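Listed here are the chains, written in short residue letters.
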Amino acid sequence: MNEEKPVPAPEEKKEQIAVILPKSDVNRAFCVALPVSGGKPLKLTGDNPHDFLQFLKESSVAWLNFPVKDIKKDAEIIAMSLGFSSTLVPTLFSSYLSAYEDRDTEMGLMLPAVAVKKFDVLISPILILIRKDLILTIHEENVNRLIRLSRYADAFMRKIKPTLINEDKLTIILTRIIDENINRNFDHLREIEAQGDELSKILTDTSTPRGLIGPEIYNMKHALISYMDTLWATLDVVNSLRHGDAELISDSPKLLARLGILSDDVNRHIALSEHMSDVLASGLEVLQSIYNNQLQILNNRLQLVITWLTILGTAVLVPNTLATVFSNPAFEMGPQDKVWYSIMLVVATIFSTWIAYWWIKKKGLLPFKVD
């Protein structure tokens with residue numbers, strides 16, 4: 001197949017690129033390349049795709065990284081400026097979390113980059129576009145894992161043998177980029193684990209409002225599910241690379257074995273995540289049981305108070321009724337009646353109290369067992 005010729009960006013898009021790309025030293029685009037003539041890798045930074053065109057022409061294989069403010073808006077412009085087809089980036093964005101697109105003369109990958117803040121899982125896409133002599137990565141400014149990798153990218157590329165064919169060189173660089181993203185994603189599982197431990201501590205406090213516990217438990221489970229979605233999405237891309245037989249990827253069994261190692265790493269991360277999910281879930285179930293028992297104890301105490309208030313209320317009601325009745329002038333009560341009247345009130349109180357207690361016990365309304 002004939003390779004697609006680089007599509008020059010329209011003038012208005014060139015101006016747009018110059019404005020949207022970051023200008024700081026930290027977030028500037030960088031390119032690390034192996035020169036055609038051989039020798040040590042060369043490194044160049046810039047703010048615009050056109051800053052690298054001449055540099056790429058003098059390189060046999062290059063890795064170019066672009067941080068942008070809005071990847072959905074800027075990625076297509078940058079890719080077209082560097083010679084990729086206009087439909088490649090939109091095709092990648094049409095997928096969820098990850099994507100794999102092989103067009104023989106060019107390839108496109110989309111991988112999820114995870115950042116966890118408490119139980120908020122932030123997922124940003126990393127685009128990896130490949131042609132015969134270039135790997136282009138595009139990501140948003142808040143994703144700094146590839147920027148950290150760039151600090152020693154020249155030392156890494158220095159180890160690539162110049163006698164290798166371009167497909168082998170591209171595969172080595174691509175494997176290293178994917179491995180860096182996988183490892184950085186897995187680091188954020190510790191944040192979920194730490195927040196889960198903090199939630200367990202909150203649950204042990206009996207004064208914690210029940211309205212707070214439910215949403216927090218849901219947030220933790222949702223964070224784990226979202227995180228594991230990114231692991232499965234990454235595994236899909238790695239397996240597609242292993243079994244897709246792309247023209248731009250090496251056929252060397254040794255290099256393809258590296259992709260197999262990446263797949264094993266992701267599977268191990270998935271297993272660890274599922275294990276942590278089981279541990280946290282079982283721990284939360286135990287804590288919820290303890291919390292429910294504490295609530296049951298409190299409920300029993302309240303029921304005990306209500307029971308005795310019922311008994312006392314009944315005990316007071318009967319003598320109070322008798323006193324009201326005998327206070328009527330029709331009975332002509334006087335000081336001479338105080339002895340038998342007092343005895344009647346005491347007996348009525350004791351008798352009504354016993355009757356109320358016996359009835360509550362018979363109906364099984366006591367919150368405790370009486371032998």
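Residues numbered from 1 in each chain as written. Predicted model: local features only at pLDDT ≥ 70, side-chain atom pairs only at ≥ 80, totals over all residues. Heavy atoms only, no water.

(A) Structural detail: the overall build of the protein chain. Within the protein chain one finds 11 helices and seven strands. Evaluated residue by residue, the protein chain yields a buried proportion of 43% over its 371 residues. Counting only contacts in the protein chain whose residues sit at least 6 apart along the sequence, the fraction spanning at least 24 positions is 68%. Carbon and sulfur atoms make up 57% of the accessible area of the protein chain, which totals about 20,200 Å². (Helix = DSSP H or I, 4+ residues; strand = E, 2+ residues; numbered from the N terminus. Buried < 20%, exposed > 50% of the residue type's maximum accessible area, 1.4 Å probe, protein only. Contact = heavy atoms within 4.5 Å. Areas by Shrake-Rupley, 256 points an atom, 1.4 Å probe, with all protein chains shown as cover.)

(B) Layout of the packing of aromatic side chains. What the rule picks out here adds up to two aromatic pairs. Between the aromatic rings of F30 and W63, the centroid separation amounts to 5.2 Å while the plane-to-plane angle is 85 degrees, which identifies the pairing as edge-to-face. Taken together, the residues F30 in strand 1 (residues 29–35) and W63 in strand 3 (residues 59–68) connect sequence positions 33 residues apart. As far as burial versus exposure is concerned, F30 and W63 are alike and both buried. Summarising the aromatic geometry, the rings of F52 and F66 are spaced 5.8 Å apart at their centres and angled 80 degrees between planes, so their arrangement reads as edge-to-face. (Phe/Tyr/Trp six-rings, centres within 6.5 Å; stacked < 30°, edge-to-face > 60°.)

(C) A look at a nonpolar patch on the surface. Taken together, F351, W354, I355 and W358 make up a surface patch of nonpolar side chains, about 450 Å² in accessible area. Within the element layout of this structure, W354 appears in helix 11 (residues 338–362). (Patch = residues over 30% accessible without salt bridge, like charges linked within 9 Å, V, L, I, M, F, W, Y side chains within 5 Å. Salt bridge = Lys/Arg side-chain N within 4 Å of Asp/Glu carboxyl O.)

(D) Here's a closer look at the environment of A323. Among the structural elements, A323 can be located in helix 10 (residues 253–326). When its relative accessible area of 24% is taken as the criterion, A323 is described as partly exposed. Sequence spacing of A323 and L345 is 22 residues, and the spatial spacing of their C-alpha atoms is 7.7 Å. Setting aside residues no more than four positions away along its own chain, A323 makes contact with Y341 and L345.

(E) Region of interest: the side chain of K169. Its location among the elements puts K169 in helix 7 (residues 166–187). One buried charge, K169, has no salt-bridge partner; the nearest side chain with opposite charge is D168, at 9.3 Å. With residues near it in sequence (within four places) discarded, K169 still touches L34, S60, V61, I160, K161, P162 and L164. (Lys, Arg positive; Asp, Glu negative; His and termini not counted.)

(F) Just the nonpolar core, in detail. Core analysis: the largest hydrophobic core is formed by 56 residues, its most contacted members being W63, I128, I135, I173, L174 and I178. Top contributing element to this core by residue count: helix 9 (residues 210–243), with 12 residues. In this structure I178 touches L109, L111, I128, V238, L241 and L262, once residues within four positions along its chain are discounted. Membership of the second largest hydrophobic core comes to 27 residues, among which are L56, L82, F93 and A99. (Core = buried A, V, L, I, M, F, W, Y, C linked by side-chain atoms within 4.5 Å.)

(G) Just the side chain of S59, in detail. Mapping S59 onto the fold places it in strand 3. Residue classification places S59 among the buried positions, given a relative accessible area of 8%. A distance of 2.8 Å separates a polar side-chain atom of S59 from the backbone oxygen of F55. Those residues in contact with S59, other than ones at most four positions away along the chain, are A33, L34, P35 and V36. (Polar contact = N/O pair within 3.5 Å; in protein donor to acceptor, adjacent residues only side chain to side chain.)

(H) Just helix 3 (residues 71–81), in detail. Taking burial as the measure, the 11 residues of helix 3 include eight buried ones, the bulk of the element. Looking only at helix 3, the buried set comprises I71, D74, A75, I77, I78, A79, M80 and S81. The opening residue of helix 3 is D70, an N-cap whose side-chain oxygen sits 3.2 Å from the backbone nitrogen of K72. Count one or two residues on from helix 3 and you reach G83, which has phi positive near 100 degrees.

(I) Seen up close, unusual backbone geometry. Positive phi outside glycine occurs at L97, with the angle close to 70 degrees. Looking at the secondary structure, you find L97 in the loop between helix 4 (88–93) and strand 4 (99–102). Taking the relative accessible area as the measure of exposure, L97 reaches 15% and is therefore buried. A positive phi angle, close to 65 degrees, is found at D104, a residue other than glycine. Its place among the elements puts D104 in the loop between strand 4 and strand 5 (107–117).

Honestly, that's just the spatial picture; any functional story needs more than this.
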